[in-house]
Amino acid sequence: GTTWLQEILSLIYSNGDPTPVKTTFSWDRVPWLEQHSGRKQLENRPSPRLITTHVPFHMFPQSFFKTKAKVIYTIRNPKDVCVSLYFFSKIAQFMEYREDFQDFVALFLSEDIIFGRWFEHVKGWLTVKDNPNVLILSYEDMLKDPKANVIKICQFLGKELNDAAIDSVVEHSSFQAMKTNPMSNYSAVPNEYFDKEKGTFHRKGIAGDHKNHFTPDQEVEFEKIYKDCMKDFNISFD
């Protein structure tokens with residue numbers, strides 16, 4: 001969802017022109033806050049700046065709330081997040097990985113997972129969901145109706161695009177377009193970081209893939225943990 005939003009926002013700010021997403025790497029267009037190289041790129045960049053981050057809410061710069069800056073946060077079914085992270089960890093040389101999926105689920109549910117547990121991450125950001133400068137999006141809703149969500153993002157940002165530009169944003173940020181775009185599919189990342197013999201960054205781009213990996217017992221156990229952790233938050237996933 002994060003990489004998808006990078007592409008969508010790049011296209012919105014180019015008014016639907018696909019040239020930037022076809023000529024500049026996504027990590028240069030929308031640098032990562034938590035990377036040293038990303039911070040250097042952002043220091044002298046003129047406004048408006050697009051910035052990417054995975055940091056949990058309690059680590060996010062609180063000065064944000066004294067500015068007019070805006071945040072778009074995506075939520076995805078945690079079981080699908082777990083499966084996606086499992087395959088990403090397989091290619092990412094800097095990630096902890098467990099070959100056995102059962103063991104990986106245990107890692108995913110532990111405090112040791114990168115950027116913290118899904119539950120705490122999501123709950124932290126949901127505390128500011130009513131802030132007018134925060135937009136919460138669902139990965140599943142974005143899949144179901146990409147155009148409606150592009151329009152929603154434009155309205156949130158105060159960007160007016162005509163129908164042709166919106167259609168271009170949807171077209172060039174589709175899963176297939178990104179999967180075949182060397183500026184967005186991470187194929188240019190050196191093998192010392194991503195072992196591309198073990199898989200690709202863009203894998204399926206669907207909802208519900210956890211059904212192909214979770215056993216019935218894992219489903220039951222995960223649902224118990226989910227209901228306990230998220231009992232005070234009313235969110236569901238199609």
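Residues numbered from 1 in each chain as written. Predicted model: local features only at pLDDT ≥ 70, side-chain atom pairs only at ≥ 80, totals over all residues. Heavy atoms only, no water.

Q: I'd like a description of the nonpolar core, backed by residues and values.
A: Proteins that are soluble and globular tend to have nonpolar side chains buried together. By size, the foremost hydrophobic cluster in this structure holds 37 residues, and its most contacted members are Trp-118 and Phe-119. Setting aside residues up to four positions removed in sequence, Trp-118 forms contacts with Ile-75, Arg-76, Pro-78, Val-81, Phe-108, Tyr-226, Met-230, Ile-235 and Phe-237. With 24 residues, the next largest nonpolar core counts Val-21, Ile-72, Ile-166 and Val-169 among its residues. (Core = buried A, V, L, I, M, F, W, Y, C linked by side-chain atoms within 4.5 Å. Buried < 20%, exposed > 50% of the residue type's maximum accessible area, 1.4 Å probe, protein only. Contact = heavy atoms within 4.5 Å.)

Q: Tell me about helix H7 (residues 118-126), and name the residues and values.
A: By the criterion of burial, H7 is predominantly enclosed, with 8 of the 9 residues buried. Residues Trp-118, Phe-119, His-121, Val-122, Lys-123, Gly-124, Trp-125 and Leu-126 constitute the buried set of H7. The elements touched by buried residues of H7 are strand S1 (71-75), helix H5 (78-91), helix H6 (101-108), strand S2 (134-138) and helix H12 (216-229). (Helix = DSSP H or I, 4+ residues; strand = E, 2+ residues; numbered from the N terminus.)

Q: Got a sec to walk through the environment of Tyr-226? Specific residues and values, please.
A: As for its position among the elements, Tyr-226 is in helix H12. Note: C-alpha distance between Tyr-226 and Lys-79 (147 residues apart in sequence) is 9.8 Å. Ignoring sequence-local partners within four residues, the contact set of Tyr-226 consists of Pro-78, Trp-118, Phe-119, Ile-235 and Phe-237.

Q: Account for the pattern of salt bridges, naming residues and giving values.
A: Following the criterion strictly, the structure yields 10 salt bridges and no others. Between Glu-223 and Lys-79 there is a salt bridge, and its shortest N-O distance comes to 2.7 Å. Remark: Lys-79 occurs in helix H5 and Glu-223 occurs in helix H12; sequence separation between them is 144 residues. Residue Lys-79 is classed as buried on the basis of its relative accessible area, which comes to 7%. With a shortest N-O distance of 3.2 Å, Lys-147 and Asp-167 are connected by a salt bridge. Taken together, the positions of Lys-147 in helix H9 (residues 146-157) and Asp-167 in helix H10 (residues 163-172) put the pair 20 residues apart, joining distant regions of the chain. Linked through salt bridges whose partners overlap, the residues forming this network are Lys-79, Glu-219 and Glu-223. (Salt bridge = Lys/Arg side-chain N within 4 Å of Asp/Glu carboxyl O.)

Q: Explain the environment of Phe-25 to me, and be specific about the residues and the numbers.
A: Assignment of secondary structure puts Phe-25 in the loop between helix H2 (19-23) and helix H3 (26-29). Excluding residues that lie within four positions of it along the chain, Phe-25 makes contacts with Pro-182, Met-183 and Ala-188.

Q: Please set out H6 residue by residue, giving values where relevant.
A: Among the residues making up H6, those that are buried are Phe-101, Phe-104, Val-105, Leu-107 and Phe-108. One side of H6 carries all its buried residues, which in axial view fall inside an arc of 160°. As for H6, its buried residues are in contact with H5, H7 and H12. Looking at where H6 begins, the residue whose side-chain oxygen comes 3.1 Å from the main-chain nitrogen of Gln-102 is Asp-100. (Arc of directions from axis to C-beta. Polar contact = N/O pair within 3.5 Å; in protein donor to acceptor, adjacent residues only side chain to side chain.)

Q: Give a detailed account of the UniProt feature "domain: Sulfotransferase" (unreviewed entry) in the protein, specifying residues and quantitative values.
A: Using the residue numbers shown here, the UniProt feature "domain: Sulfotransferase" (unreviewed entry) corresponds to residues 1-233. Here residues 1-233 is 46% helix and 4% strand, with 21 Å between the C-alpha atoms at its ends. (UniProt positions renumbered as here; feature names shortened; annotations may be inferred.)

Q: I'd like a description of the packing of aromatic side chains, backed by residues and values.
A: A full pass over the atoms with the stated rule returns 27 aromatic pairs. Between the aromatic rings of Phe-88 and Phe-201, the centroid separation amounts to 5.8 Å while the plane-to-plane angle is 90°, which identifies the pairing as edge-to-face. Pair noted here: Phe-88 is in helix H5 and Phe-201 is in the loop between helix H11 (175-179) and H12, with a separation of 113 residues, a long-range link. Put simply, the rings of Tyr-86, Phe-87, Tyr-97, Phe-101, Phe-104, Phe-108, Trp-118, Phe-119, Phe-214, Phe-222 and Tyr-226 pair up and form one aromatic cluster. The side chain of Arg-203 reaches across the aromatic face of Phe-87, ending 4.0 Å from its centre. (Phe/Tyr/Trp six-rings, centres within 6.5 Å; stacked < 30°, edge-to-face > 60°. Lys NZ or Arg CZ within 6 Å of the ring centre and 35° of its normal.)

Q: Account for the packing of H7 against H12, naming residues and giving values.
A: Packed helices, taken two at a time, are described by the angle between their axes plus the distance between the axes. At their nearest, the axes of H7 and H12 sit 11 Å apart, and the two run at 30° to each other. Classified by the interaxial angle, the pair formed by H7 and H12 is roughly parallel. Two packed elements cross with a definite hand, and for H7 against H12 that hand is right-handed. Residues Trp-118, Phe-119 and Lys-123 of H7 form the contact with H12, whose participating residues are Phe-222, Ile-225, Tyr-226 and Cys-229. (Axes fitted to C-alpha atoms, helices over the stretch in contact; angles between N-to-C directions. Parallel < 35°, antiparallel > 145°, perpendicular 65-115°, else oblique. Left-handed = near helix turned anticlockwise from the far one by under 90°.)

Q: Please set out unusual backbone geometry residue by residue, giving values where relevant.
A: Following Ser-47, the chain continues to Pro-48 via a peptide bond in cis, the omega torsion being 0°. Summarising the element assignment, Pro-48 is placed in the loop between helix H4 (36-43) and S1. Positive phi, close to 60°, is recorded for Asn-15, a residue that is not glycine. Here Asn-15 lies in the loop between helix H1 (2-13) and H2. Residues other than glycine seldom take positive phi values, yet Phe-115 does so here, at roughly 65°. With respect to the secondary-structure elements, Phe-115 resides in the loop between H6 and H7.

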